[in-house]
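Fold and contact review
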Amino acid sequence: MSDALIRIAEALERLAPPPASAADWAAAPAFVYDQRGARAVERFVAPPLDLLRGIEAQKALVTANVNRLAQGHAAHDMLLWGARGMGKSALLRASIVAAQALHDNAVALVQVAPDALSALAPLFAALGRQDRRFLVFIDDLGFEDADGAGPRTLRSWLEGGVEARPGNVRLAVTSNRRAIVPRHLSEQDDPINPRDAVDDKLALADRFGLSIGFHACPQDDYLAIIGGYCAQYGLEWDAGEALEWSKRRGARSGRVAWQFVTELAGRAGKAL
């Protein structure tokens, strides 16, 4: 090989990221899994369950299911769907933290990056060998044409595939739409049977044992969320200003409430 080719090869090696080290699946409360592999998340941040208000029914279902998983009991795969900013992801994180405290870290969260949806087999193989339970978390899943391969792979892991996901692993997926179907979907994709195009995509949502809806936040719930946060952090607030904040944001949700609380804390010179 010529000197020029050797220099090019060495330069490419320097540019390439180093291979990810094997994760110690017993050592951390949470992990992130992407195309490079898994890495531990040593500091796992989640809001206290008591501060997640306006979603009491959803909270009861999710926490009960996560506690079953942590204890090694039968547990469902979960689809959390609905309005943006209403605490779907926050509730999953908070439920894991609470279950870890109750059950001596018997369960961990593994968040799968979008670029790794089609490469779940190595992850499940690794998790299946562990003496620990895992909730594999896929945030904000869509069913756009560009990422269709990922959801189809996920569907085979939930049910119907020859190689099922391990018994110590359950899936939790969040999505803005219950059926995980794009808004521009036309039922005329199949001129012979128009329903086939839709039914193929609905088949993923049907495979979750728990499908839990999160709905737009009423005014009273929005104010209750802010009141809970402000009591927790010792902040003074005004309901009229809180409502004006939501009007400027064009929405009332747990996320908008938290953004208002962040503004109050910043004005008061406090950290959250």
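Residues numbered from 1 in each chain as written. Predicted model: local features only at pLDDT ≥ 70, side-chain atom pairs only at ≥ 80, totals over all residues. Heavy atoms only, no water.

A look at the overall build of the chain
- A tally of regular secondary structure across the chain gives nine helices and seven strands.
- Residue burial in the chain is summarised as follows: out of 272 residues, 43% are buried.
- For the chain, restricting intrachain contacts to residue pairs at least 6 apart in sequence, the fraction spanning at least 24 positions comes to 71%.
- For the chain, the computed accessible surface area is about 14,500 Å², with 50% contributed by carbon and sulfur atoms. (Helix = DSSP H or I, 4+ residues; strand = E, 2+ residues; numbered from the N terminus. Buried < 20%, exposed > 50% of the residue type's maximum accessible area, 1.4 Å probe, protein only. Contact = heavy atoms within 4.5 Å. Areas by Shrake-Rupley, 256 points an atom, 1.4 Å probe, with all protein chains shown as cover.)

Thoughts on the packing of aromatic side chains
- Summed over the entire model, instances satisfying the criterion amount to five aromatic pairs.
- For the pair tryptophan 25 and phenylalanine 31, a centre-to-centre distance of 4.7 Å together with 55° between the ring planes defines the contact as tilted.
- Under the relative-accessibility criterion, phenylalanine 31 is labelled buried at 1%.
- Measuring from centroid to centroid gives 5.8 Å for tryptophan 245 and phenylalanine 260, while their planes differ by 55°, and the two rings are tilted. Note that tryptophan 245 is positioned in helix 8 (residues 239–249) and phenylalanine 260 in helix 9 (residues 254–268), a separation of 15 residues in sequence. Side by side, tryptophan 245 and phenylalanine 260 carry an identical accessibility label, which is buried.
- An aromatic cluster of three or more residues is present, and its members are Trp25, Phe31 and Phe134. (Phe/Tyr/Trp six-rings, centres within 6.5 Å; stacked < 30°, edge-to-face > 60°.)

Focus on helix 2 (residues 56–70)
- Here helix 2 spans 21 Å end to end across 15 residues, near enough to the 21 Å set by a 1.5 Å rise per residue.
- Turning to helix 2, its buried residues are Gln58, Lys59, Val62, Thr63, Asn65, Val66, Asn67, Leu69 and Ala70.
- On its buried side, helix 2 packs onto strand 3 (78–82), helix 3 (88–102), strand 4 (107–112), strand 5 (133–138), strand 6 (169–175) and strand 7 (210–214).
- Of the residues one or two after helix 2, glycine 72 is the one with positive phi, at around 80°. (Expected span 1.5 Å × (residues − 1).)

A closer look at the nonpolar core
- Core analysis: the biggest nonpolar cluster contains 44 residues, and Val62, Met78, Leu92, Leu135, Tyr222 and Ile226 have the highest contact counts within it.
- When residues no more than four places from it in sequence are discounted, the contact partners of leucine 135 are Val66, Leu69, Met78, Leu92, Ile96, Val107, Ala108, Leu109, Val110, Arg170, Leu171 and Ala172.
- Counting 28 residues, the second-largest nonpolar core is a separate cluster that includes Ala108, Val169, Leu171 and Ala205. (Core = buried A, V, L, I, M, F, W, Y, C linked by side-chain atoms within 4.5 Å.)

Thoughts on the pattern of salt bridges
- According to the stated counting rule, one finds four salt bridges in the structure shown.
- Linking aspartate 77 and arginine 165 is a salt bridge whose minimum nitrogen-to-oxygen distance equals 2.6 Å. Placement of aspartate 77 in the loop between helix 2 and strand 3 and of arginine 165 in the loop between helix 5 (149–158) and strand 6 is noted, with a sequence separation of 88 residues between them. For the pair aspartate 77 and arginine 165, a shared accessibility class is recorded, and that class is buried.
- Here arginine 267 makes a salt bridge to glutamate 241, at a shortest N to O gap of 2.7 Å. Taken together, the positions of arginine 267 in helix 9 and glutamate 241 in helix 8 put the pair 26 residues apart, joining distant regions of the chain.
- Given a relative accessible area of 30%, glutamate 241 falls into the partly exposed group.
- What you see here is one network of salt bridges that share partners, running through Glu241, Glu263 and Arg267. (Salt bridge = Lys/Arg side-chain N within 4 Å of Asp/Glu carboxyl O.)

Some words on the confidence of the model for the chain
- Averaged over all residues, the pLDDT of the chain equals 82, while 74% of them reach at least 70.
- The weakest mean pLDDT in the chain belongs to helix 6 (residues 194–205) at 56; the strongest belongs to helix 2 at 96.
- Scored below 50 in pLDDT, residues 183–192 shows 11 contacts in the model against residues more than four places distant or in partner chains. (pLDDT = per-residue confidence, 0-100.)

Some remarks on the packing of helix 2 against helix 3
- Between helix 2 and helix 3, the least distance of the axes is 9 Å, while the angle of their chain directions is 45°. For the element pair helix 2 / helix 3, the angle class is oblique. Helix-helix and strand crossings are classified by hand; for helix 2 and helix 3 the assignment is right-handed. Between helix 2, through Gln58, Lys59, Val62, Thr63, Val66, Asn67 and Ala70, and helix 3, the contact on the second element is made entirely by Leu91, Leu92, Ser95, Ile96, Ala99 and Leu102. (Axes fitted to C-alpha atoms, helices over the stretch in contact; angles between N-to-C directions. Parallel < 35°, antiparallel > 145°, perpendicular 65-115°, else oblique. Left-handed = near helix turned anticlockwise from the far one by under 90°.)

Considering the sheet that holds strand 2 (residues 37–41)
- If you trace the seven strands from one edge of the open sheet to the other, you get 2-1-4-5-6-3-7, paired in mixed fashion. Edge strands, defined here as strands with exactly one partner in the open sheet, are strand 2 and strand 7. Here the strands of the sheet are splayed against their neighbours by 20° on average, with no regard to which way each runs.
- Here helix 3 sits on the sheet and contacts strand 3, strand 4, strand 5, strand 6 and strand 7; the angle it forms with strand 4, its principal contact strand, is near 155°. (Pairing = 2+ DSSP bridges.)

Examining the environment of valine 32
- Position of valine 32 relative to the elements: it lies in strand 1 (residues 30–34).
- Along the backbone, valine 32 and valine 112 are 80 residues apart, and their C-alpha atoms lie at a distance of 6.0 Å.
- Apart from the residues within four sequence positions on either side, valine 32 is in contact with Gly37, Ala38, Arg39, Val41 and Gln111.

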